[in-house]
Amino acid sequence: MKDEARQQIYAAIHSVPMGRLCSYGKIAELAGQPGKARYVGRLLSQLPKDTRLPWFRIVNSQGKISFPHDSNSYQRQLSHLIEESSAEESGRLHWRQCRWPE
DNA sequence: ACTTTGACTTGAA
DNA sequence: TTTCAAGCCAAAG
């Protein structure tokens with residue numbers, strides 16, 4: 001049961017198109033686990049370094065990266081998004097234009 | 001076994 | 001606009 005929920009979450013993340021963004025809460029919802037945004041975040045924090053999952057397309061409900069601005073993780077995610085044109089050079093995310101679904 | 005801690009969200013103040 | 005409390009719940013201490 002718990003494994004199934006996890007798989008659903010992974011599937012939901014895989015479904016986020018390149019160049020678009022989605023929130024933790026929305027992923028949880030798409031995975032059939034409404035209200036479990038934190039669970040999504042926990043799973044992402046446990047992903048292996050070589051994962052194929054587009055974890056960098058997941059941001060918080062405010063369209064911001066959920067990492068301290070001074071952390072490596074923040075920079076790592078931002079550069080991934082910039083490569084996909086999901087962000088501006090200023091580091092500001094195009095949440096409105098990239099949010100997904102619609 | 002109990003408390004704290006998060007890659008979170010939402011609504012009310 | 002920012003702040004707060006409550007809901008969430010597995011993992012870490």
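The structure presented is a predicted model; accordingly, all values stated were derived computationally and were not measured.

Q: Tell me about the pattern of salt bridges, residues and numbers included.
A: Under the criterion given, the structure shown has three salt bridges. With a closest N to O distance of 3.0 Å, Asp3 and Arg6 form a salt bridge. Here Asp3 pairs with Arg6, and both are found in helix H1 (residues 2–14), just three residues apart, close to one helical turn. Residue class for Asp3 comes out partly exposed when judged on its relative accessible area of 47%. Arg57 serves as the salt-bridge partner of Glu84, at 2.6 Å between the closest nitrogen and oxygen. Of this pair, Glu84 sits in the loop between helix H4 (72–83) and helix H5 (95–98) while Arg57 is found in the loop between helix H3 (37–45) and strand S2 (58–59), placing the two residues 27 residues apart along the sequence. We classify Glu84 as buried; its relative accessible area is 15%.

Q: Describe the packing of aromatic side chains, listing the residues and the values that go with them.
A: Throughout the structure, instances matching the rule amount to one aromatic pair. Both rings, one in Trp55 and one in Phe56, keep their centres 5.5 Å apart while their planes meet at 75 degrees; by these two values the pair is edge-to-face. With relative accessibility at 17%, the residue Trp55 sits in the buried group.

Q: Tell me what's going on with the side chain of Arg57, and back it up with residues and numbers.
A: By relative accessible area, which is 10% here, Arg57 ends up buried. In terms of polar contacts, Arg57 uses its side chain to reach the side chain of Glu84, at 2.6 Å. Each residue touching Arg57, except ones within four places of it in the same chain, is listed here: Val16, Pro17, Met18, Gly19, Arg20, Leu21, Cys22, Leu81 and Glu84.

Q: Tell me about the protein's contact with DNA strand C, residues and numbers included.
A: Close contacts around DNA strand C come from Gly35, Lys36, Arg38, Arg42 and Gln46, and that covers them all. Within 4 Å of the protein, the contacting atoms of DNA strand C are drawn from sugar and phosphate to the extent of 67%. Within the side chain of Lys36, one N or O atom sits 3.4 Å away from a phosphate oxygen of DNA strand C. Looking at the surface near DNA strand C residue by residue, the class counts come to no nonpolar, two polar and three charged.

Q: Please give an account of the protein's contact with DNA strand B that cites residues and values.
A: Lining the immediate environment of DNA strand B, one finds 14 residues, of which Tyr24, Arg38, Asn60, Ser61 and Ser66 sit closest. Here the atoms of DNA strand B within 4 Å of the protein split so that 44% fall in sugar or phosphate, with bases taking the remainder. Contact distances for DNA strand B include 2.7 Å between a phosphate oxygen and a backbone N or O atom of Ser61. Of all the secondary-structure elements, those providing two or more residues to the surface near DNA strand B are helix H2 (24–30) and H3. The dominant element in the surface near DNA strand B, judged by the number of residues it contributes, is H3, at six residues. When the residues that make up the surface near DNA strand B are grouped by side-chain class, the tally is five nonpolar, seven polar and two charged.

Thresholds, definitions, all that
- Residues numbered from 1 in each chain as written.
- Chains lettered and ligands numbered in written order.
- Predicted model: local features only at pLDDT ≥ 70, side-chain atom pairs only at ≥ 80, totals over all residues.
- Heavy atoms only, no water.
- Salt bridge = Lys/Arg side-chain N within 4 Å of Asp/Glu carboxyl O.
- Helix = DSSP H or I, 4+ residues; strand = E, 2+ residues; numbered from the N terminus.
- Buried < 20%, exposed > 50% of the residue type's maximum accessible area, 1.4 Å probe, protein only.
- Phe/Tyr/Trp six-rings, centres within 6.5 Å; stacked < 30°, edge-to-face > 60°.
- Polar contact = N/O pair within 3.5 Å; in protein donor to acceptor, adjacent residues only side chain to side chain.
- Contact = heavy atoms within 4.5 Å.
- Near = heavy atom within 4 Å.
- Nonpolar A, V, L, I, M, F, W, Y, C, P; charged D, E, K, R; others polar.

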